[in-house]
Amino acid sequence: DLYKIKEKCWNNAPKVPHRDSNRWRYDAVGNPVLKILKGCNGIFCHEYDHIFPYSKGGTSTLDNCQILQTNINRLKGNQYYTKDELKTFSQNIPLSFQKLQKFEIGDNEMDLIEECIYGNVIKH
């Protein structure tokens, strides 16, 4: 069923080092996303995407499934793009933070995000 395909799709996505893989994964173009944040608009939100669009004959199978940051998936729509093309759709750190020198999402920021969302931090 579709739930099992999505679960396998999540499990096939690259793991974020030292993070709980049941919570964190990288999307198809390398953006860290949280499993609990599905369909929202933030930079850690994701959706399950048909690599070859469903509306153009793509199947709802594991080999046609990828995780994408929500923003990327919505901009992709029912088109096919290479991973390099999809990277250009990535939702980045807001400009207001970028101006504070080189703001990057590091281990401490991920701890804070995880604590706020789950109430604790799990590292491996």
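Details of the structure are given in the entry above.
Residues numbered from 1 in each chain as written. Predicted model: local features only at pLDDT ≥ 70, side-chain atom pairs only at ≥ 80, totals over all residues. Heavy atoms only, no water.

A.B. asks: For this particular structure, what's the right way to read the pairing of strand β3 (residues 46-50)?
C.D. replies: Each regular strand displays side chains that alternate between the two surfaces of the sheet. Burial within β3 is extensive, with four of its five residues counted as buried. Two strands pair when backbone bridges link them, and β3 and strand β4 (residues 65-69) are joined in this way by five bridges, in the antiparallel orientation. What sits directly across from His-50, in β4, is Cys-65. (Buried < 20%, exposed > 50% of the residue type's maximum accessible area, 1.4 Å probe, protein only. Helix = DSSP H or I, 4+ residues; strand = E, 2+ residues; numbered from the N terminus. Pairing = 2+ DSSP bridges.)

A.B. asks: Hey, could you run me through the packing of aromatic side chains in this one?
C.D. replies: The geometry of an aromatic ring pair comes down to the distance between the two centres and the angle between the two planes. Going through the model one piece at a time under the given rule, you end up with two aromatic pairs. Centroid distance Trp-24 to Phe-44: 5.8 Å. Interplanar angle 85°. Geometry classified as edge-to-face. You can see Trp-24 sitting in strand β1 (residues 24-26) and its partner Phe-44 sitting in the loop between β2 (32-34) and β3, a full 20 residues away along the chain. Comparing Trp-24 with Phe-44 shows no difference in burial state: the two are buried. Pairing Tyr-81 with Phe-89 gives two aromatic rings, centres 5.2 Å apart and planes at 85°, and the pair type is edge-to-face. (Phe/Tyr/Trp six-rings, centres within 6.5 Å; stacked < 30°, edge-to-face > 60°.)

A.B. asks: Quick question: what am I supposed to make of the side chain of Arg-23 here?
C.D. replies: Relative to the helices and strands, Arg-23 is located in the loop between α1 (2-12) and β1. Residue classification places Arg-23 among the buried residues on the basis of a relative accessible area of 10%. Leave out the neighbours within four places in its chain, and Arg-23 touches Trp-10, Val-33, Leu-34, Lys-35, Glu-114, Tyr-118, Asn-120, Val-121 and Ile-122. (Contact = heavy atoms within 4.5 Å.)

A.B. asks: How should I be thinking about the pattern of salt bridges in this particular structure?
C.D. replies: Side-chain pairs of opposite charge can arise whenever the charged atoms involved come near each other. Inspection of the entire model under this criterion finds nine salt bridges. Measuring nitrogen to oxygen at the nearest pair gives 2.6 Å for the salt bridge that ties Arg-19 to Asp-107. In this pair, Arg-19 is assigned in the loop between α1 and β1 and Asp-107 in helix α5 (residues 107-118), connecting sequence segments 88 residues apart. The exposure class assigned to Asp-107 is partly exposed, which follows from its relative accessible area of 40%. Of the charged contacts, one joins Lys-123 and Asp-107 as a salt bridge, the two residues approaching to 2.7 Å between their closest N and O atoms. Pair noted here: Lys-123 is in the segment after α5 and Asp-107 is in helix α5, with a separation of 16 residues, a long-range link. (Salt bridge = Lys/Arg side-chain N within 4 Å of Asp/Glu carboxyl O.)

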